[in-house]
Amino acid sequence: MKLPEGLAGVVISETKISSTKDAILTYAGYPIQELSQAPYEEVVYLLWHKKLPTETQLTEVRKQMVSDMVLPDETIRLMKYIALEPQHPMSILRTTVSLLGTTHNNPKRDEPLRILSKMLTAIAAIIRLRDNQELMKVNPQWGVVENFMYLFTGRCPTSQQVKMFNTVMVLHADHEFNASTFTARVVASTQADYYSCLTAAVCALKGPLHGGANEQVFKMLEDIRTTGQKPIDYVNERMAAGKKIMGFGHRIYKDGDPRAKILRGIAEQIAENTNNSVYFNLQEQIRDYMFEKTHLHPNVDYYTALIYHCLGLDKSTFTTMFAACRTAGWLAHIMEQQADGCLIRPSSEYVGPINRHYPGYEKES
Ligand code: ACO
């Protein structure tokens, strides 16, 4: 049997975590549009337990996560050493997750909530270290999102910024069997440890056809702005050269990514608040033209690129932010795979040469 290219549409396993059936995104049965206002910690609980937490449970999750948002001194020392060489932040993250697995591999500490907290803290640290900025400390009075924002920006976020970023984190928290989640599940299916699964997921997310697209989206906006080229000309030139326009198209959402629809409103608002509307206006022109020309819609990465820029992040760090948001989903899938799944080991069809005979070394002389 010939499978579709890239396993498109192939159901390889059951899951109770999230669904994109009929192009409607739900987490444990709840539509993303409704959850986009829910506190991030509540969504983490939902993805992991498939039910909403009680108020006491929510408070406990929040308290535990915030208290775990600190890295061991040894980890920070090694991260600083790794960050000495100029490298892409996703490369530093890949090594850091693996590093956390060695400096942090005490089984008692391998608790998913603790790992998630460390991941957020490590990603904030990568962003700060990249600019030689001091590392910040959490405030136990705040929630996870507020603290995370403080850790990577060094500034106390406004309540409006926290609300917006909470939505960004919730919308990115999970997305069924996307490439990085599937990668994590393949590794989890061998019963490897959490850190090995997460390191693999980070590697898959790095690519420009997946999480790396948000960085490329902002590069496009900067290029257009600095060259003064018309967005229509940019799109035409690029597509004539056989290149894709980053931030458009989706394997599942052919009529529009539901996350992008929510994120568009946030991008418009935050761009206005931070005098970045020039970029939002460019995005609108590109979006309209892309629809006219290709009928492709923006995906989740299209608007987050601008949101991250407005929060003061450098474009090279955008994909680490995606990783921070997606870690909750990756961990949910790792746990599900290890509890219910079997070893993932597909087969291939060999199409190379056959019936060859090795000549042996003697024939040379
Ligand atoms: N720009 C221009 N043309 C595109 C784009 C795009 N962004 N996306 C798809 N197309 C075209 C393809 O060239 C192809 O045309 P053809 O049939 O004439 O060859 C057709 O649309 C189908 O595209 P595929 O790549 O086969 O669609 P697929 O479902 O496999 O890919 C993908 C989806 C990888 C996301 C693709 O749309 C793409 O590369 N987009 C740009 C990168 C991007 O934004 N990635 C982020 C995705 S969201 C996420 O991972 C979080």
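Please read all numbers here as calculations on a predicted model, not as lab measurements. (Residues numbered from 1 in each chain as written. Predicted model: local features only at pLDDT ≥ 70, side-chain atom pairs only at ≥ 80, totals over all residues.)

Turning our attention to the overall build of the chain. In terms of helices and strands, the chain carries 16 helices and 3 strands. A globule of 365 residues ought to have a C-alpha radius of gyration of about 21 Å, and the chain, at 22 Å, matches this closely. Judged by the C-alpha coordinates and their principal axes, the chain covers about 75 × 55 × 45 Å. Within the chain, the proportion of its 365 residues that are buried is 43%. (Helix = DSSP H or I, 4+ residues; strand = E, 2+ residues; numbered from the N terminus. Rg over C-alpha atoms; globule rule 2.2 N^0.38 Å. Buried ≥ 20, exposed ≤ 12 C-beta atoms within 10 Å, placed from the backbone.)

Further remarks concern unusual backbone geometry. Located in the positive-phi region is Ala 28, a residue other than glycine, with phi close to 45 degrees. Position of Ala 28 relative to the elements: it lies in the loop between strand 2 (26-27) and strand 3 (30-31). Even without a glycine there, the phi angle at Asn 355 is positive, about 55 degrees. Take Asn 355: it is sitting in the segment after helix 16 (318-340).

With that settled, consider the site of the ligand. Residues in contact with the ligand amount to 19 residues; listed here are only the nearest, Ala 213, Lys 244, Phe 248, Gly 249 and Arg 251. Of the residues in the shell around the ligand, the class split is 8 nonpolar, 8 polar and 3 charged. (Near = placed C-beta within 6 Å. Nonpolar A, V, L, I, M, F, W, Y, C, P; charged D, E, K, R; others polar.)

We now examine the sheet that holds strand 3. Overall, antiparallel pairing links the 3 strands, which are arranged 1-2-3 in an open sheet. Because the sheet does not close on itself, it has two edges, and the strands there are strand 1 (18-19) and strand 3. Of the pairings in the sheet, the one linking strand 1 to strand 2 comprises 2 bridges and is antiparallel in character. Looking at the pairing, Ser 18 lines up with Tyr 27 of strand 2. (Pairing = 2+ DSSP bridges.)

What follows covers helix 16. Every α-helix winds through 3.6 residues per turn, so residues three or four apart in the chain are directed the same way. Helix length check: helix 16, at 23 residues, gives a terminal C-alpha distance of 33 Å against a target of 33 Å (1.5 Å per residue), a fit within 8%. Of all the bends found along helix 16, the most pronounced is centred on Arg 326 and spans about 45 degrees. Across the 23 residues that make up helix 16, a large majority, 19, are buried. (Expected span 1.5 Å × (residues − 1). Bend = angle between axes of the 7 residues up to and from the residue.)

The next thing to look at is the UniProt feature "active site" (unreviewed entry) in the chain. If you check UniProt for "active site" (unreviewed entry), the listed places come out as His 250 and Asp 301 in our numbering. Separation in sequence by 52 residues is not matched in space for these annotated residues, since their most distant C-alpha atoms are only 10.5 Å apart. Structurally, His 250 can be placed in the loop between helix 12 (231-240) and helix 13 (258-273). Since 29 C-beta atoms lie within 10 Å of it, Asp 301 is described here as buried. Setting aside anything within four residues of it in sequence, one finds Asp 301 in contact with Ala 213, Asn 214, Val 217 and Gly 247. (UniProt positions renumbered as here; feature names shortened; annotations may be inferred. Contact = placed C-beta atoms within 7 Å.)

The next subject is the domain arrangement of the chain. Taken domain by domain, the chain comprises domain 1 (13-205 + 314-340) and domain 2 (214-309). The C-alpha centroid of domain 2 is placed 25 Å from the C-alpha centroid of domain 1. Contact residues are listed per partner, giving 17 residues for domain 1 and 19 residues for domain 2. Secondary-structure elements contributing two or more residues to the side of domain 1 that touches domain 2 are helix 1 (32-35), helix 8 (159-172) and helix 16. (Domains from an automatic or database assignment.)

A few words on the packing of helix 2 (residues 40-49) against helix 3 (residues 55-67). Where helix 2 contacts helix 3, the axes come no closer than 9 Å and their chain directions differ by 105 degrees. With respect to helix 3, the axis of helix 2 lies roughly perpendicular. Listed contacts from helix 3 to Glu 41, Glu 42, Val 44 and Tyr 45 of helix 2 are Gln 57, Leu 58, Val 61, Arg 62 and Met 65. Here the residues of the contact of helix 2 with helix 3 sort into 5 nonpolar, 1 polar and 3 charged. (Axes fitted to C-alpha atoms, helices over the stretch in contact; angles between N-to-C directions. Parallel < 35°, antiparallel > 145°, perpendicular 65-115°, else oblique.)

The subject of this paragraph is the environment of Leu 198. Mapped onto the secondary structure, Leu 198 falls in helix 10 (residues 194-205). Sequence separation between Leu 198 and Ala 323 is 125 residues; the distance between their C-alpha atoms is 9.6 Å. Once you skip the residues sitting within four places of it in the chain, Leu 198 turns out to touch Val 97, Ala 184, Thr 327 and Trp 330.

This paragraph deals with the environment of Pro 112. With respect to the helices and strands, Pro 112 occurs in helix 6 (residues 112-130). In contact with Pro 112, other than residues within four places in its own chain, are Trp 48, Tyr 194, Leu 331 and Met 335.

What follows covers the nonpolar core. Counting 103 residues, the largest nonpolar core has Leu 47, Ile 123 and Ile 307 as the members making the most contacts within it. Sorting elements by how many residues they give to this core places helix 16 first, with 11 residues. If you count residues domain by domain, this core takes at least three from each of domain 1 (13-205 + 314-340) and domain 2 (214-309). Those residues in contact with Leu 47 that sit more than four places away from it in its chain are Ile 17, Tyr 27, Ala 28, Ala 173, Asp 174, Ala 328, Gly 329 and Ala 332. (Core = buried A, V, L, I, M, F, W, Y, C linked by C-beta atoms within 7 Å.)

Where helix 6 meets helix 16, the axes come as close as 10 Å, and the angle between the chain directions of the two elements is 165 degrees. Judged on the interaxial angle alone, helix 16 and helix 6 are roughly antiparallel. Here the hand of the crossing between helix 6 and helix 16 comes out right-handed. Contacts between helix 6 and helix 16 pair Pro 112, Ile 115, Leu 116, Met 119, Leu 120, Ile 123, Ile 126 and Ile 127 from the former with Thr 320, Ala 323, Ala 324, Thr 327, Ala 328, Leu 331 and Met 335 from the latter. Looking at the contact of helix 6 with helix 16 residue by residue, the class counts come to 13 nonpolar, 2 polar and no charged. (Left-handed = near helix turned anticlockwise from the far one by under 90°.)

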